[in-house]
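Each chain is listed here by its residues.
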Amino acid sequence: MEKLNKSNNNATVVSNFVFCGLVAGYQGENNQATPTNAAEAVSAALGRKVLPGVCVYHTEWGCPRGGEPVGAYRAEGTPSEILNEAEKLRKDLKQSTLSVALPGTGTQTVGFTAIAHGSLLETGAAWQEAAARYMTATGTYVSCGMAEQGGEIYISAEANPAFVPNREAWKEIVKNICAEIGADEPTFSEVGFNYLKDAE
């Protein structure tokens, strides 16, 4: 794995989408959050505008149909500035974990972005249904985040190195789900994965 030298660490980079929810842990079906008010809360905590979005994971793990409402944003700055801001946000909104993908900083893995059109929650539900089928077939569930802007839905995720042993298989599942839900062909890139969480 390539290590950054100190001079590169002071370079300005742009993160992949960061998806931050409102309530600690899984929210379940009774949560009253919406993508809009989740974005408002994250926006208030960050002090800048963010996009309404959802984090999409398995309904059997407590995810509401269509996804857990979140605020979605991309950060620009040095890696340490971006990670410090994200860690403060995680603590302010009482999140147990928060994933931040940066070029060149973190554990090397692969991420993707794709664009879909339509309803945010219906697109999230379609992803959940397809991902559950692929998990039954392969043992791998591909979670993702979705952010809505200008009639387009930006889908983004990284293969968490702690949970994804086979990145090529993960990429194939991503391609298949994107095709099934009518999203554009995904674009993959190598990224550094930073998993912010409470000390154990």
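For every chain, the first residue of the written sequence is number 1, and numbering continues from 1 onward in sequence order. Only residues with pLDDT of 70 or above have their local features reported here, since the model is predicted, and side-chain atom pairs are shown and tallied only from 80 upward, although totals for entire chains, interfaces and linings are computed over all residues. Excluding hydrogens and water, the side-chain figures rest on all heavy atoms present in the structure.

## So, the packing of aromatic side chains
Only Phe, Tyr and Trp rings are paired, with Trp represented by its six-membered ring, and only when their centres lie within 6.5 Å; those with planes under 30 degrees apart are stacked, over 60 edge-to-face, the remainder tilted. A complete count under the given rule lists 7 aromatic pairs for this structure. Between Phe112 and Phe188 the ring centres are 6.3 Å apart and the planes differ by 50°, which places this aromatic pair in the tilted class. A residue pair is termed long-range when its members are at least 10 positions apart, and Phe112 in strand β7 (residues 107-117) and Phe188 in strand β10 (residues 187-197) qualify at 76 residues. Phe188 gets classed as partly exposed once you look at its relative accessible area, which sits at 22%. What links up through ring pairs into an aromatic cluster is the set Phe112, Trp127, Trp170 and Phe188. Charge-over-ring contacts are defined here by two conditions on Lys NZ or Arg CZ: a distance within 6 Å of the ring centre and an angle within 35 degrees of the ring normal. Lying over the aromatic face of Phe188, Lys171 brings its terminal NZ or CZ to 5.3 Å of the ring centre. Numbered from the N terminus, helices here are DSSP runs of H or I no shorter than four residues, and strands are runs of E no shorter than two. Only protein chains enter the calculation, and the probe is 1.4 Å; a residue is then buried if its accessible area is under 20% of its type maximum, exposed if over 50%, and partly exposed in between.

## A short note on the layout of surface pockets
Using protein atoms alone on a 1 Å grid, points that fit a 1.4 Å probe yet trap it form a cavity, whereas open point sets bounded by protein on both sides within 12 Å along at least five of seven lines form a pocket; residues with an atom within 4 Å of a point count as lining. Grid points are joined across faces, edges and corners, and a volume is the space filled by probe spheres set on the points. Approximately 1,000 Å³ is the volume attributed to the largest pocket. If you go around the largest pocket, you meet 37 residues; those closest to its centre are Tyr57, Thr97, Ser99, Ser143 and Tyr195. Elements with a contribution of two residues or more to the lining of the largest pocket: β2 (18-20), β3 (51-56), β4 (68-73), β6 (97-102), β8 (144-149), β9 (152-158) and β10. When residues are grouped by polarity, Ala, Val, Leu, Ile, Met, Phe, Trp, Tyr, Cys and Pro land in nonpolar, Asp, Glu, Lys and Arg in charged, and all others, Gly among them, in polar. The class makeup of the residues in the lining of the largest pocket is 23 nonpolar, 12 polar and 2 charged.

Honestly, that's just the spatial picture; any functional story needs more than this.
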